[in-house]
Amino acid sequence: MGEFNVHRVRFFNYVPSGIRCVAYNNQSNRLAVSRTDGTVEIYNLSANYFQEKFFAGHESRATEALCWAKGQRLFSAGLNGEIIEYDLQALNIKYSMDAFGGPIWSMAASPSGSQLLVGCEDGSVKLFQIIPHKIQFERNFDRQKSRILSLSWHPSGTHIAAGSIDYISVFDVKSGNTIHKMLVDRQYMGVSKRKCIIWGVAFLSDGTVISVDSAGKVQFWDSATGTLVKNHLIANADVQSIAVSDQEDSFVVGTAEGTVFHFQLVSVTSNSSEKQWVRTKPFQHHTHDVRTVAHSPTALISGGTDTHLVIRPLMEKVEVKNYDAALRKITFPHRRLISCSKKRQLLLFQFSHHLDLWRLGTTVATGKHGDTLPLSKDADHLLHLKTKGPENIICSCISPCGSWIAYSTASRFFLCQLNYEHDNISLQRVSKMPAFLHSALQILFSEDSAKLFVASNQGSLHIIQLLEGSLKHLHTFQAQSGSVESMCLLAVSPDGNWLAASGTSAGVHVYNVKRLKLHCTVPAYNFPVTALAIAPNTNNLVIAHSDQQIFEYSIPDKEYTDWSRTIQKQGFHYLWLQRDTPITHISFHPKRPMHILLHDAYMFCIIDKSLPLPNDKTLLYNPLPPTNESDVIRRRTTHAFKISKIYKIFELFSVSGCYE
């Protein structure tokens, strides 16, 4: 595997924001997740739960509701009283509309996907018609006395249930009139509470309304008579969320104690057609409030204040009992938040509203394998760059020479030049920016720090030449005809001649920077790209996909390399394919061209292309053989993959032969 000096960076104090709501789309098998800072993430459950898209947060967007509508359209609403639709191709906000009912607490799309309901602070329930490219207000329902905290459509689309404070209302959609008001018992553990908040409701096909409330109860109501049918006291705290399966044979609820309960509809006896709801399984995978839950055909999904997105497969629904049936807990975003300057040994950390620049510590000590070397100079915090305005930072990057920092929000692009004088550092912002350069989804500097590559949210790629205190626009690669797909990943060759860009689908385009034209397009693959890099000397493009497949593509020859064809013919080790975290970064050994370095959040790997590939009978995570073993045994246990799982890794880079 070789010898490496590992810098253990423990001063990146990144804390993800809590999860507020999730929405599952059965047609595309995608999950939308909104966080407390306004960020919205899209996970592709068919692509190994990869976070393929995200929308940066905003201080004024406290999202309280999230839902999918017909045509794969995504909407959110929150306490600012606005309804927002997202552009899933350009990865920006398509438009926002004020509902004129105060803060919005709940939202639900009709079963047909053609109508949208919102529940507001002033007690109003508003119905919107979903038309091409926008929504249109249709009518108000009977106003209630208190805020509407939860909404659910009957599968027929003729009635809705609305949860408020102390009561549940059933409305007729056609007239907008209230049919029933069901008063909820305030008793909680024998003590009368002041208010009972209906956090969630679910309307079933047989007319049953299921409610969860702040008294720790799950209750079943008959919507035709407005009467309570059954009551389950399941928690000593609020039951905050509910989601029902499409078949209506099970549902899941989340509590403020961090517990998730699963209810199933089972037969009373083995020979009876009569069925009843039974609480079958409690799960304790969260440490704090479970604010939201979702129910896919094969899994229970939950998220909350502890920031974890937990996917627990339903074993009876999983056809093959393999690694896909294991519990998944997604903690960190599947995108880069750290960039580095190799020349000056600097690290730039990206947070929601600021950037931190650090210089790595150094050591003059030496030691043997496994030793912890003392620092002769501690790490230095050089710069704290805080953004102005309410928008979160989308992306950021520091140049390899350490003299430039670029970052972007949803509406502004910033470029700053750094000047170093001994231990002092000064920052000068480039004030005159081109009009077209107002936002970026991805930023990358060339190896010589002379050029800046910017991917916009309209599918175009800009090449900027960096001058002293200013910049010059060289060229723009426009989006392919008929497409506005945003480019989310960029890679530039060390010689600066080639630029590779990957969009939100599986395509990778390679551009000739010198001739300023499209060179080739890598054949499409079914799974999205999670990382890509161009090797020095050979200009081979290495691509990692969310299903853990790795391809090597020769840019000059416009074809896959022999090594790539060999590894696809033989196949990867089954343990490699069963990993549930995507590869987020790829690099190369500066002195060993046959070595590929890559990592995910929990694993660091070196692939030596000169060694044979491991088969399924070989130990994949093999330790180094003892030094006193014979060469025969050493060769027998050696293969191309060398993996270390002792570090949690956010970024991998080379600095004077040292790796992180």
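Residues numbered from 1 in each chain as written. Predicted model: local features only at pLDDT ≥ 70, side-chain atom pairs only at ≥ 80, totals over all residues. Heavy atoms only, no water.

Heads up, the condition is: UniProt positions are given in the numbering used here, feature names are shortened, and annotations may be inferred rather than shown by experiment.
Per an unreviewed UniProt entry, the recorded name for the chain is U3 small nucleolar RNA-associated protein 4 homolog, and the organism is Molossus molossus. Looking at the Subunit (unreviewed entry) heading of the UniProt record, one finds this comment for the chain: "Interacts with HIVEP1 Interacts with NOL11. Part of the small subunit (SSU) processome, composed of more than 70 proteins and the RNA chaperone small nucleolar RNA (snoRNA) U3. May be a component of the proposed t-UTP subcomplex of the ribosomal small subunit (SSU) processome containing at least UTP4, WDR43, HEATR1, UTP15, WDR75."

## A short note on the sheet that holds strand β7 (residues 82–87)
The test is simple: Should DSSP find at least two bridges between two strands, the strands are regarded as paired. The way it works is that DSSP assigns letters per residue, a run of H or I at least four long becomes a helix, a run of E at least two long becomes a strand, and they are numbered from the N terminus. The axes are straight lines fitted to the C-alpha atoms, using for helices just the contacting stretch, and the angles between their N-to-C directions are given from 0 to 180°.
Spatial strand order, β5-β6-β7-β8: four strands in an open sheet with antiparallel pairing. Lying at the two open borders of the sheet, with one neighbouring strand each, are β5 (63–69) and β8 (92–98). Neighbour-to-neighbour, the strand axes of the sheet open up by a mean angle of 25°, direction not taken into account. Alignment of β5 against strand β6 (residues 73–78), held across six bridges, turns out to be antiparallel.

## Side note on the packing of aromatic side chains
Applied cut-off: The pairing test for Phe, Tyr and Trp rings, Trp by its six-membered ring, is centres within 6.5 Å, and the orientation test on the planes gives stacked under 30 degrees, edge-to-face over 60, and tilted for anything in between. The cut-offs for exposure are 20% and 50% of the maximum accessible area for each residue type, with area from a 1.4 Å probe on protein chains only; residues under the lower value are buried, those over the upper are exposed, and the others partly exposed. Should the NZ of a Lys or the CZ of an Arg lie within 6 Å of a ring centre and within 35 degrees of the ring normal, that charge is described as sitting over the ring.
The tally for this structure, following the rule as stated, stands at 22 aromatic pairs. Judged by centre distance (4.7 Å) and plane angle (15°), the rings of tyrosine 407 and phenylalanine 414 are stacked. Note on accessibility: tyrosine 407 and phenylalanine 414 belong to one class, buried. Look at tyrosine 525 and phenylalanine 527: their rings are 6.0 Å apart centre to centre, the planes differ by 40°, and that puts the pair in the tilted class. Relative accessible area serves as the criterion here: at 23%, tyrosine 525 is assigned to the partly exposed category. Here phenylalanine 527 falls in the partly exposed class, since its relative accessible area comes to 23%. If you follow arginine 335 out to its NZ or CZ, it ends over the ring of phenylalanine 54, 3.8 Å from the centre. Looking at lysine 609, its charged tip hangs above the ring of tryptophan 563, at a distance of 5.9 Å from the centre.

## As for the side chain of lysine 609
Convention followed: Under this definition, polar contacts are N or O atom pairs within 3.5 Å; protein pairs additionally need one hydrogen-donor-capable and one acceptor-capable atom, and for neighbouring residues in sequence, both atoms have to be side-chain atoms. Note on definitions: a residue-residue contact is assigned when non-hydrogen atoms from the two residues lie within 4.5 Å.
If you trace the backbone, lysine 609 turns up in the loop between β53 (604–608) and α3 (631–637). The class for lysine 609 is buried, based on a relative accessible area of 16%. Within the structure, the side chain of lysine 609 is placed 2.6 Å from the side chain of glutamate 552, a separation counted as a polar contact. Beyond its immediate sequence surroundings of up to four residues, lysine 609 is in contact with Asn540, Glu552, Trp563, Pro593, Met594 and Ile596.

## Some remarks on the nonpolar core
Let me state the cut-off plainly: To form a nonpolar core, buried Ala, Val, Leu, Ile, Met, Phe, Trp, Tyr and Cys residues must be joined to one another through side-chain atoms within 4.5 Å.
Membership of the largest hydrophobic core comes to 34 residues, with the highest contact counts inside it found for Leu74, Phe413, Leu415, Ile443, Phe445 and Leu452. When residues no more than four places from it in sequence are discounted, the contact partners of leucine 74 are Ala32, Val40, Ile42, Leu66, Cys67, Trp68, Ile84, Glu85, Tyr86 and Leu88. Counting 23 residues, the second largest nonpolar core, distinct from the first, contains Ala535, Phe572, Trp576 and Ile607.

## Focus: the confidence of the model for the chain
Condition: What pLDDT reports is the predictor's confidence in each residue, on a scale of 0 through 100.
Scored by pLDDT, the chain comes out at a mean of 89, with 92% of its residues at no less than 70. Here strand β56 (residues 658–659) stands out as the element of the chain with the lowest mean pLDDT, 37, in contrast to strand β13 (residues 150–153), whose mean of 98 is the highest. Every residue in residues 654–660 scores below 50 in pLDDT, and together they form 24 contacts with partners more than four places removed in sequence or on other chains.

## Some words on the state of the cysteines
This is how the line gets drawn: Note on terminology: pairs of cysteine sulfur atoms within 2.5 Å are recorded as disulfides.
By the definition in use, this model includes zero disulfides. No disulfide involves cysteine 21; its nearest neighbouring cysteine sulfur is the one of cysteine 67, lying 9.7 Å away. Among the residues examined, cysteine 21 registers a relative accessible area of 7% and is labelled buried.

## Focus: the sheet that holds strand β37 (residues 413–421)
Two pairing modes exist for strands in a sheet, parallel and antiparallel, and in both the strands are linked by backbone hydrogen bonds. Across the sheet, four strands lie side by side as β35-β36-β37-β38; this open sheet has antiparallel pairing. Single-partner strands in this sheet number two, and they are β35 (395–398) and β38 (424–429). Here the average twist between neighbouring strands, direction ignored, is 20°. With six bridges connecting them, β37 and β38 associate as antiparallel partners. Looking at β38, one finds that cysteine 416 is bridged to arginine 429.

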